[in-house]
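Architecture and fold: a report
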Amino acid sequence: MKTQLNSIVRDPSLAPEGKLKIDWVQAHMPVLNEIRKEFERDQPFKGLRVAISLHLEAKTAYLAKVVQAGGAEVVITGSNPLSTQDDVCAALVEDGIAVYAKYNPDPQEYKDLMVKTLETKPDLIIDDGGDLVSILHSERQDLLAQVRGGAEETTTGILRLKAMEKDGSLKFPMVAVNDAYCKYLFDNRYGTGQSVWDGINRTTNLVVAGKTVVVNGYGWCGKGVAMRAKGLGANVVVTEVDAIRAVEAYMDGFTVLSMDDAAKVGEFFVTVTGNKDVIRGAHIANMKDGAILSNAGHFDIEVNLVELAAMSVSKRVVRRNIEEYVLKDGRKIYVLAEGRLVNLAAGDGHPAEIMDMTFALQAMALRYVNENYEKIGSQVVNVPYELDELVARTKLQSLGITIDTLSDEQKAYLDSWASH
């Protein structure tokens, strides 16, 4: 085992509270519990150091403990300054995991903590948004040689990785966990859908029913946000740049408008695109008094806060995680969680049962890349289907659900091209 590392956390005395949170999610993560048993038996990461950058709350903490159970020395940092929970960080330190993370550090300290994580010279990486990989390839190439490969959690991160792969910059294999069925079908759709409204509702304490919700983007996350908004009784408007997804949103029963038109009618706005400047000053100029803006994309660039600030005569915090901008004509625009991920910065993120499946994929993807990194080479690869299916079957087993299997005759029929 490598040299023991010193942690940087805000308050070690918070550990008991963090432990309670971790114990709660562990009791609701049966798939990851099965993988932990396998890891304890096989020790797939014995003698290796694993660096993790994810939203550092209880569910992530339990993933770190599962990887640790597989023999790894684990070092972890946050992937968003407002989603880190200090009590969870303290609890992980007590469990022998090195932590470099605090809630709401200033931008330079946030980056420094990420760099310190990389300076531990990890063999494997679990990344969220591609930040660790990006720093390694752009600023700390001296640390690249040690890294065998890793796994990426998000749509945004995979877009960055594929851009690196395309121009030949990527120096080790990365598994695109976000593109696995058990990730985007459940985590992105049901997880984001529920957790976004958990964050908005607990933060605003306002009714959603009868109001107009504008969902910017109709990918899997946007589908979940729109579905849950409809369930809360909202009138849902979808904006899109993809014609196929726009037709899908229309046939799912939602109104489809351009953002210029949606800006005039929306009362709640949720950006879920992974792109920048989805809501700009030109849109804000046409919004209703009291419009509430929130973001569920990875980075805080989907709502252009610079342009909003330039249009405003004052800004103040009116409630925790709600900033009020007063425009020159007296209209008030509210921004949740500083434009950061509203489901994590203003909530607890996805439900434990959802992240159970996602983090099971992460754990198995990490094992897969460690066992195959020389064969894979420097490219972005998908999670093997058999691992994806194994997560689903383990989930069904935990629910007490049995499904059918094909007979040999049925398999032969499906595999044959001849007339029957």
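Details of the structure are given in the entry above.
Below or above, wherever it landed, is the structure these notes cover. (Residues numbered from 1 in each chain as written. Predicted model: local features only at pLDDT ≥ 70, side-chain atom pairs only at ≥ 80, totals over all residues. Heavy atoms only, no water.)

Attention now goes to the packing of aromatic side chains. Note on aromatic pairs: each is described by the distance of the centres and the angle between the planes. Counted by the stated rule, this structure contains 6 aromatic pairs. An angle of 35 degrees between the planes, with centres 5.3 Å apart, marks the rings of Tyr 184 and Trp 220 as tilted. Pair noted here: Tyr 184 is in helix α8 (residues 181-204) and Trp 220 is in helix α9 (residues 220-231), with a separation of 36 residues, a long-range link. The exposure class assigned to Tyr 184 is buried, which follows from its relative accessible area of 17%. A centroid spacing of 6.0 Å and a plane angle of 75 degrees characterise the contact between Trp 197 and Phe 268, whose relative ring orientation is edge-to-face. A residue pair is termed long-range when its members are at least 10 positions apart, and Trp 197 in helix α8 and Phe 268 in strand β10 (residues 268-271) qualify at 71 residues. Here Trp 197 falls in the buried class, since its relative accessible area comes to 3%. (Phe/Tyr/Trp six-rings, centres within 6.5 Å; stacked < 30°, edge-to-face > 60°. Helix = DSSP H or I, 4+ residues; strand = E, 2+ residues; numbered from the N terminus. Buried < 20%, exposed > 50% of the residue type's maximum accessible area, 1.4 Å probe, protein only.)

Here we come to the environment of Lys 264. Tracing the chain through its elements places Lys 264 in helix α11 (residues 259-265). Taking relative accessible area as the criterion, Lys 264 reaches 46% and is therefore assigned partly exposed. Sequence separation between Lys 264 and Ala 365 is 101 residues, and the spatial gap between their C-alpha atoms is 44 Å. Look past the residues within four positions of Lys 264 in its chain and what remains in contact with it is Asn 286 and Lys 288. (Contact = heavy atoms within 4.5 Å.)

Quick look at the sheet that holds strand β5 (residues 149-152) now. Strand pairing within a sheet occurs via backbone hydrogen bonds; the two strands may be parallel or antiparallel. Here we have 7 strands laid out as an open sheet, ordered β3-β2-β1-β4-β5-β6-β15, and parallel in their pairing. At either end of the open sheet lies a strand with only one pairing partner, and these are β3 (98-100) and β15 (380-382). Strand-to-strand twist of the sheet, defined as the mean angle between neighbouring strand axes without regard to direction, takes the value 20 degrees. Docked against the sheet, helix α5 (residues 107-118) engages β1 (49-53), β2 (73-77), β3 and β4 (124-127), running at close to 165 degrees with respect to β2. Helix α6 (residues 131-138) contacts β1, β4 and β6 (174-176) of the sheet and is inclined by roughly 125 degrees relative to β4. (Pairing = 2+ DSSP bridges. Axes fitted to C-alpha atoms, helices over the stretch in contact; angles between N-to-C directions.)

These values are about where atoms sit, not about what they do.
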